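# Structural description and commentary
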Amino acid sequence: MEQPVIYVFTHDSIGLGEDGPTHQPVEQLAALRAMPNILVLRPGDANEVVEAWKLAVSHIHGPTALVLSRQAMPTLDRTKFAAASGVAKGAYVLSDAPGGKPDVILMGTGTELSLCVAAQEKLAAEGVKARVVSIPSFELFERQDAAYKESVLPTSVTTRVSVEMASTFGWERYVGPKGKMVGMHSFGASAPLKDLLKKFGFTVENVVAAAKEAMGK
């Protein structure tokens, strides 16, 4: 119907912890992204939420789904990282490798974006150059021209890791055959958040390990 409805979804992941798998919508993000003519936005910090809201109110020929979290997440210092206005293009380079030539690309959305940033720092300490790409909207990124897509996800860098606390379905298009996906393959469990993050691999150490595995190290 192309109605400009704005849906605000919260409690977006296994971060619900003790509420258990029946309350952890690991499949919902992929389902929303599969729906034609709906703009799906999963912002990675408060700055991205602001930009996402601007897009939502200007999207007048279809519904928008804002996918938000209930858990605490840091607000990234935009004097250090790229401007959140990149949300308008669906994906953008949040933090680049030295010289713009990464060994590996870390891609994240929502609460997992800061996890990618932490992994980038740890990899740098080990001599591995990583680029962090924020991908709040698959739909908007797909609308960009080939040159922009190449500038964000260069075809020459096949070592890629996606990090999202949801089904990995759909990430294949960005990760490629040589990449790794850190995501959910089940309906979670009932436990405190920190225990769930460790159990399902949403830790800096596991993201770093996935990057090294993709690199063949």
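Structure first, text after, so check above.
The paragraphs below set out a description of the structure included in this document. (Residues numbered from 1 in each chain as written. Predicted model: local features only at pLDDT ≥ 70, side-chain atom pairs only at ≥ 80, totals over all residues. Heavy atoms only, no water.)

### What to know about the environment of Tyr-7
Structurally, the position occupied by Tyr-7 is in strand β1 (residues 6-9). Separated by 66 residues in sequence, Tyr-7 and Met-73 place their C-alpha atoms 21 Å apart. With residues up to four places along the chain from it excluded, the contact list for Tyr-7 reads Pro-63, Thr-64, Ala-65 and Leu-66. (Helix = DSSP H or I, 4+ residues; strand = E, 2+ residues; numbered from the N terminus. Contact = heavy atoms within 4.5 Å.)

### Structural notes on unusual backbone geometry
Even without a glycine there, the phi angle at Glu-2 is positive, about 60 degrees. Checked against the element boundaries, Glu-2 lands in the segment before β1. Positive phi outside glycine occurs at Asn-37, with the angle close to 65 degrees. Within the secondary structure, Asn-37 is located in the loop between α1 (28-34) and β2 (39-41).

### Re the pairing of strand β5 (residues 104-108)
Of all 5 residues in β5, 5 are buried, a share of seventy percent or more. Here β5 shows a buried face lined by Val-104, Leu-106 and Gly-108 and a second buried face lined by Ile-105 and Met-107. Where β5 lies against strand β6 (residues 130-134), 5 bridges are found, and the strand directions are parallel. Looking at the pairing, Val-104 lines up with Ala-130 of β6. As judged from the 4 bridges shared by β5 and strand β7 (residues 160-167), these two strands associate in the parallel manner. If you follow Ile-105 over to β7, its bridge partner there is Arg-160. (Buried < 20%, exposed > 50% of the residue type's maximum accessible area, 1.4 Å probe, protein only. Pairing = 2+ DSSP bridges.)

### Remarks on the sheet that holds strand β3 (residues 64-67)
In a beta sheet, neighbouring strands are held together by backbone hydrogen bonds and run either parallel or antiparallel to one another. In space, the 3 strands of this open sheet follow the order β1-β3-β2, with parallel pairing throughout. Among the strands making up the open sheet, the edge pair consists of β1 and β2. Across this sheet, the average inter-strand angle for adjacent strands is 15 degrees, counted without regard to direction. Taken together, the 3 bridges between β2 and β3 define a ladder with parallel strand orientation. Each bridged residue has a counterpart across the sheet, and for Val-40 the counterpart in β3 is Ala-65. (Axes fitted to C-alpha atoms, helices over the stretch in contact; angles between N-to-C directions.)

### Re the sheet that holds β6
Pairing within the open sheet is mixed, and its 5 strands lie in the order β4-β6-β5-β7-β8. Of all the strands in the sheet, the pair left with one neighbour each is β4 (92-95) and β8 (180-184). The mean angle between the axes of side-by-side strands here comes to 25 degrees, regardless of whether they run parallel or antiparallel. As defined by bridge partners, β7 adjoins β8 across 4 bridges and the pair is classed as parallel. From the neighbouring strand, Val-161 faces β8, where its bridge partner is Lys-180. Those strands touched by helix α3 (residues 113-125) are β4, β5, β6 and β7, and its axis lies near 175 degrees from that of β6.

### Brief notes about the environment of Val-128
Mapped onto the fold, Val-128 is located in the loop between α3 and β6. Note on Val-128: relative accessible area 4%, which makes it buried. The spacing of Val-128 and Val-50 is 78 residues in sequence and 32 Å in space, taken between C-alpha atoms. Once residues lying within four places of it in the same chain are set aside, the contact partners of Val-128 are Asp-103, Val-104, Leu-123, Met-215 and Lys-217.

### Regarding the pattern of salt bridges
Going through the model one piece at a time under the given rule, you end up with 13 salt bridges. The residue Arg-42 makes a salt bridge to Asp-12 at a minimum N-O spacing of 2.9 Å. On the criterion of sequence distance, the pair formed by Arg-42 in the loop between β2 and α2 (46-58) and Asp-12 in the loop between β1 and α1 is long-range, its members being 30 residues apart. The pair Arg-42 / Asp-12 is uniform in exposure class, with both members buried. Where Glu-164 meets Arg-33, a salt bridge forms, and the shortest distance between an N and an O atom there is 2.8 Å. (Salt bridge = Lys/Arg side-chain N within 4 Å of Asp/Glu carboxyl O.)

### What to know about the packing of aromatic side chains
Tallied over the full model, the rule gives 6 aromatic pairs. Counting every residue linked through ring pairs, the aromatic cluster contains Phe-138, Phe-141, Tyr-148, Trp-171 and Tyr-174. Over the ring of Phe-138 we find Arg-33; its NZ or CZ atom is 3.9 Å from the centre of that ring. Lying over the aromatic face of Phe-200, Lys-199 brings its terminal NZ or CZ to 5.6 Å of the ring centre. (Phe/Tyr/Trp six-rings, centres within 6.5 Å; stacked < 30°, edge-to-face > 60°. Lys NZ or Arg CZ within 6 Å of the ring centre and 35° of its normal.)

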